[in-house]
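Structural overview for review
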Amino acid sequence: MDKTYQPHAIETSWYQTWERQGYFAPQGSGEPYTIMIPPPNVTGSLHMGHGFNNAIMDALIRFRRMQGRNTLWQPGTDHAGIATQMLVERRIGAEGLSRHDLGREKFLEKVWEWKNESGGNISRQIRRLGSSVDWSRERFTMDDGLSEAVKEAFVRLHEDGLIYRGKRLVNWDTKLHTAISDLEVESHDEKGHLWHLRYPLADGARTAEGMGHLVVA
């Protein structure tokens, strides 16, 4: 027997056994109890916040499962469109290419390659946390059924007057030519200049102050 506890080997082995035996699938006969995991973005690895909320959800799910409830904790990942596009563009940019060089179809292939790589890493991390999710029901926000559900939700919200299309300020990347999220922006204070531009009024007209021009700063 090892003198020290070896969590990696022991926990991985038991988790594989639990998953193989289907212990995390709904199997109770009582009142249904379901949690849909807040899907992590496929733009990177899990962080401490994911560990925190997974621990809370897992405690709730295991408690209800022991009560005999028909319990489901459904896993999934989110496509995080703008952030994912930016990461993929950085990746191909390191090869001296841009999405315009690849074309739409080839670029989309690169995006899906990244999703499979990063999404698989996230799934492995959730397993290492010991989260008792039902992997047979794993979903991705760009899956056909989920994508259609999102469209329907937006249409309903628009018909109810709860959302609308409007012009808003966005963070525009002048190199990648795409909008990026606030999380991808670093704000720096810089000393600049305030320029005053004098616009002469037409036909020699004068303002209420008697000036023949307007100053715009």
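Above: the structure in question.
Just so it is clear, the structure is predicted and the values come from calculations on it, not from any experiment.

Here we take up the overall build of the chain. When its secondary structure is counted, the chain shows six helices and eight strands. Listing the helices and strands of the chain from first to last along the sequence gives α-β-α-β-β-α-α-α-β-α-β-β-β-β. Computed over C-alpha atoms, the radius of gyration of the chain comes to 27 Å, more than 25% over the 17 Å expected from 2.2 N^0.38 for 217 residues, which places it beyond the range of a compact globule. Once the C-alpha set of the chain is aligned to its principal axes, its extents read approximately 95 × 45 × 40 Å. The buried share among the 217 residues of the chain stands at 25%. Once local pairs closer than 6 in sequence are excluded, the contacts in the chain between residues at least 24 apart make up 65%. When the accessible surface of the chain is totalled, it reaches about 16,200 Å², and 55% of it is carbon and sulfur. Within the chain, the 29 negative side-chain charges are centred at a point lying 3 Å from the centre of the 27 positive side-chain charges.

Attention now moves to helix α3 (residues 81–93). Across its 13 residues, α3 extends 18 Å between first and last C-alpha, which sits within 8% of the 18 Å expected from 1.5 Å per residue. Every buried residue of α3 is listed here: A83, T84, M86, V88, E89 and I92.

A surface patch of nonpolar side chains, about 560 Å² in accessible area, is lined by W195, L197, Y199, L214 and V216. Where the nonpolar patch is concerned, the elements lending two or more residues are β7 (197–200) and β8 (213–216). By the element assignment, W195 lies in the loop between β6 (178–180) and β7.

One finds I35, W73, I126 and V133 to be the most contacted residues of the largest nonpolar core, which totals 13 residues. Breaking this core down by element, the ones donating at least two residues are β1 (32–36), α2 (48–66) and α5 (104–129). Each residue touching I126, except ones within four places of it in the same chain, is listed here: I37, L46, N54, S131, V133 and W135. Membership of the second largest hydrophobic core comes to five residues, among which are V88, I92, F107 and V111.

The subject of this paragraph is the packing of aromatic side chains. Inspection of the entire model under this criterion finds four aromatic pairs. Each member of the aromatic cluster is reached from another via a ring pair, and the members are W14, Y15, W18 and F24. Above the plane of the ring of Y33 lies R64, whose end atom (NZ or CZ) is 5.3 Å from the centre. Just above the ring of W135 sits the side chain of R127; from NZ or CZ to the centre is 4.0 Å.

Our focus in this paragraph is α2. Taking 1.5 Å of rise per residue, 19 residues should cover 27 Å, and α2 covers 27 Å from first to last C-alpha, within 8% of that figure. All buried positions along α2 are accounted for by H50, N54, M57, D58 and I61. The buried residues of α2 occupy one face: seen down the axis, they fall within an arc of 110°. Across α2 from its buried face, at more than 90 degrees, point the exposed residues M48, F52 and M66.

Below, the discussion takes up the pairing of β1. By the alternation rule, side chains of β1 split into Y33 and I35, which are all buried, and P32, T34 and M36, of which none is buried. Examined bridge by bridge, β1 and strand β2 (residues 70–74) share five bridges and lie parallel to one another. Among the inter-strand pairings, T34 is bridged to a residue of β2, identified as L72.

This brings us to the side chain of D78. By the element assignment, D78 lies in the loop between β3 (76–77) and α3. One polar contact links D78 to T141, side chain to side chain, over a distance of 3.0 Å. Non-local contacts of D78, meaning those with residues more than four positions away in its chain, are made with P39, P40, N41, V42, F140 and T141.

Right, let's talk about the environment of P39 for a bit. Take P39: it is sitting in the loop between β1 and α2. Judged by its relative accessible area of 32%, P39 is partly exposed.

For the rest of this paragraph, the subject is the pattern of salt bridges. Applying the stated criterion to the full structure yields ten salt bridges. In this structure, E148 engages K151 in a salt bridge whose closest nitrogen and oxygen atoms are separated by 3.3 Å. Highlighted residues: E148 and K151, both in helix α6 (residues 144–159), separated by three residues, approximately one helical turn. Here E148 falls in the partly exposed class, since its relative accessible area comes to 48%. For K151, a relative accessible area of 47% puts it in the partly exposed group. Note that R156 is salt-bridged to E152, the shortest N-O span being 2.5 Å. Residue R156 and its partner E152 are both found in helix α6; the two are separated by four residues, about one turn of the helix. Residue classification places E152 among the partly exposed positions, given a relative accessible area of 43%.

Reading guide: rules and limits
- Residues numbered from 1 in each chain as written.
- Predicted model: local features only at pLDDT ≥ 70, side-chain atom pairs only at ≥ 80, totals over all residues.
- Heavy atoms only, no water.
- Helix = DSSP H or I, 4+ residues; strand = E, 2+ residues; numbered from the N terminus.
- Rg over C-alpha atoms; globule rule 2.2 N^0.38 Å.
- Buried < 20%, exposed > 50% of the residue type's maximum accessible area, 1.4 Å probe, protein only.
- Contact = heavy atoms within 4.5 Å.
- Areas by Shrake-Rupley, 256 points an atom, 1.4 Å probe, with all protein chains shown as cover.
- Lys, Arg positive; Asp, Glu negative; His and termini not counted.
- Charge placed at Lys NZ, Arg CZ, Asp CG, Glu CD.
- Expected span 1.5 Å × (residues − 1).
- Patch = residues over 30% accessible without salt bridge, like charges linked within 9 Å, V, L, I, M, F, W, Y side chains within 5 Å.
- Salt bridge = Lys/Arg side-chain N within 4 Å of Asp/Glu carboxyl O.
- Core = buried A, V, L, I, M, F, W, Y, C linked by side-chain atoms within 4.5 Å.
- Phe/Tyr/Trp six-rings, centres within 6.5 Å; stacked < 30°, edge-to-face > 60°.
- Lys NZ or Arg CZ within 6 Å of the ring centre and 35° of its normal.
- Arc of directions from axis to C-beta.
- Pairing = 2+ DSSP bridges.
- Polar contact = N/O pair within 3.5 Å; in protein donor to acceptor, adjacent residues only side chain to side chain.

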